[in-house]
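Survey of secondary and tertiary structure
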Amino acid sequence: MLVAVDHVQLAAPPGSEDELRTYYVDVLGMTEIPKPPVPAARGGCWFQAGEVQLHLGVEADFRPAKKAHPGLRVRDIESYATRLADRGVEVTWDDDLPGHRRFYSEDPVGNRLEFLERVTAD
């Protein structure tokens, strides 16, 4: 029986680790976590915020995920969107999911990310 998602893996081009660190740590507020030795030798980097882990793995023939994406729950989505925008990241709001506020953005290598927060009826 499935009990949780352990992590989501996204691809990235070779040599993009510093750019990814700046985005996922400085912009999104995640923490970089150490990779075990064998995966570390392949490049890429792993990040965590609370129970959420995103793994960025190097792919020689990299193409960013434009449709597939992780959906990341946030608190105080308006402030979080402002945080991203203030750091030069494009935020695209989408009102098509009932019961949620959400926006899409892209990481520095072009992977699509969804950020969402449940809303309650007044």
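Residues numbered from 1 in each chain as written. Predicted model: local features only at pLDDT ≥ 70, side-chain atom pairs only at ≥ 80, totals over all residues. Heavy atoms only, no water.

**Focus: the environment of Asn111**
Tracing the chain through its elements places Asn111 in the loop between β7 (100-106) and β8 (112-118). What makes Asn111 buried here is its relative accessible area of 1%. Sequence separation between Asn111 and Ser16 is 95 residues, and the spatial gap between their C-alpha atoms is 13 Å. Once residues within four sequence positions are removed from consideration, Asn111 is found in contact with Leu10, Ala11, Leu56, Phe62, Pro64, Ala65, Ser105 and Glu106. Here Ala65 takes part through its backbone nitrogen, which lies 3.0 Å from a polar atom of the side chain of Asn111. (Helix = DSSP H or I, 4+ residues; strand = E, 2+ residues; numbered from the N terminus. Buried < 20%, exposed > 50% of the residue type's maximum accessible area, 1.4 Å probe, protein only. Contact = heavy atoms within 4.5 Å. Polar contact = N/O pair within 3.5 Å; in protein donor to acceptor, adjacent residues only side chain to side chain.)

**What to know about helix α3 (residues 77-86)**
Buried within α3 we find Ile77, Tyr80, Ala81 and Leu84. Down the axis of α3, the buried side of the element spans an arc of 100°, and every buried residue falls inside it. Turning to α3, the residues buried within the fold contact α1 (17-27), β6 (92-94), β7 and β8. Following α3 by one or two positions, Gly88 adopts a phi angle in the positive range, close to 85°. (Arc of directions from axis to C-beta.)

**Quick word on the sheet that holds strand β2 (residues 31-33)**
Strand order in the open sheet formed by four strands is β1-β4-β3-β2, and the pairing between neighbours is mixed. Lying at the two open borders of the sheet, with one neighbouring strand each, are β1 (8-12) and β2. The average angle at which neighbouring strand axes cross in this sheet is 30°, direction not considered. In terms of strand pairing, strand β3 (residues 45-49) meets strand β4 (residues 52-58) through five bridges, oriented antiparallel. Residue pairing across strands places Phe47 opposite Leu54, the latter belonging to β4. The sheet strands contacting α1 are β1, β2, β3 and β4, and the helix crosses β3 at an angle near 5°. (Pairing = 2+ DSSP bridges. Axes fitted to C-alpha atoms, helices over the stretch in contact; angles between N-to-C directions.)

**Brief notes about unusual backbone geometry**
Note: most peptide bonds trans; most residues except glycine with negative phi. Unlike most non-glycine residues, Asp76 shows phi in positive territory, near 55°. Tracing the backbone shows Asp76 in the loop between β5 (71-73) and α3. Overall, Asp76 belongs to the partly exposed group, its relative accessible area being 44%.

**Topic: the nonpolar core**
Of all hydrophobic cores here, the largest spans 25 residues; its most connected members are Tyr23, Tyr24, Leu28, Leu56, Leu84 and Phe115. For this core, the secondary structure elements donating two or more residues are β1, α1, β3, β4, α3 and β8. Residues within four places of Tyr23 in sequence aside, it is in contact with Leu28, Leu84, Val89, Ser105, Glu106, Asp107, Pro108, Leu113 and Phe115. (Core = buried A, V, L, I, M, F, W, Y, C linked by side-chain atoms within 4.5 Å.)

**Describing the pairing of β3**
Judged from the three bridges that link them, β2 and β3 form a sheet pairing that is antiparallel. By the bridge assignment, Glu32 is partnered in β3 with Phe47. Connecting β3 to the next strand, β4, in antiparallel fashion are two residues, including Gly50 with a positive phi near 60°.

**Focus: the sheet that holds β5**
In space, the four strands of this open sheet follow the order β5-β8-β7-β6, with mixed pairing throughout. Each edge of the open sheet is held by one strand with a lone partner, namely β5 and β6. Averaged over all pairs of adjacent strands, the angle between their axes in this sheet comes to 30°, without regard to strand direction. With three bridges connecting them, β6 and β7 associate as antiparallel partners. Note that in β7 the partner of Asp94 across the bridge is Arg102. α3 contacts β6, β7 and β8 of the sheet and is inclined by roughly 15° relative to β7.

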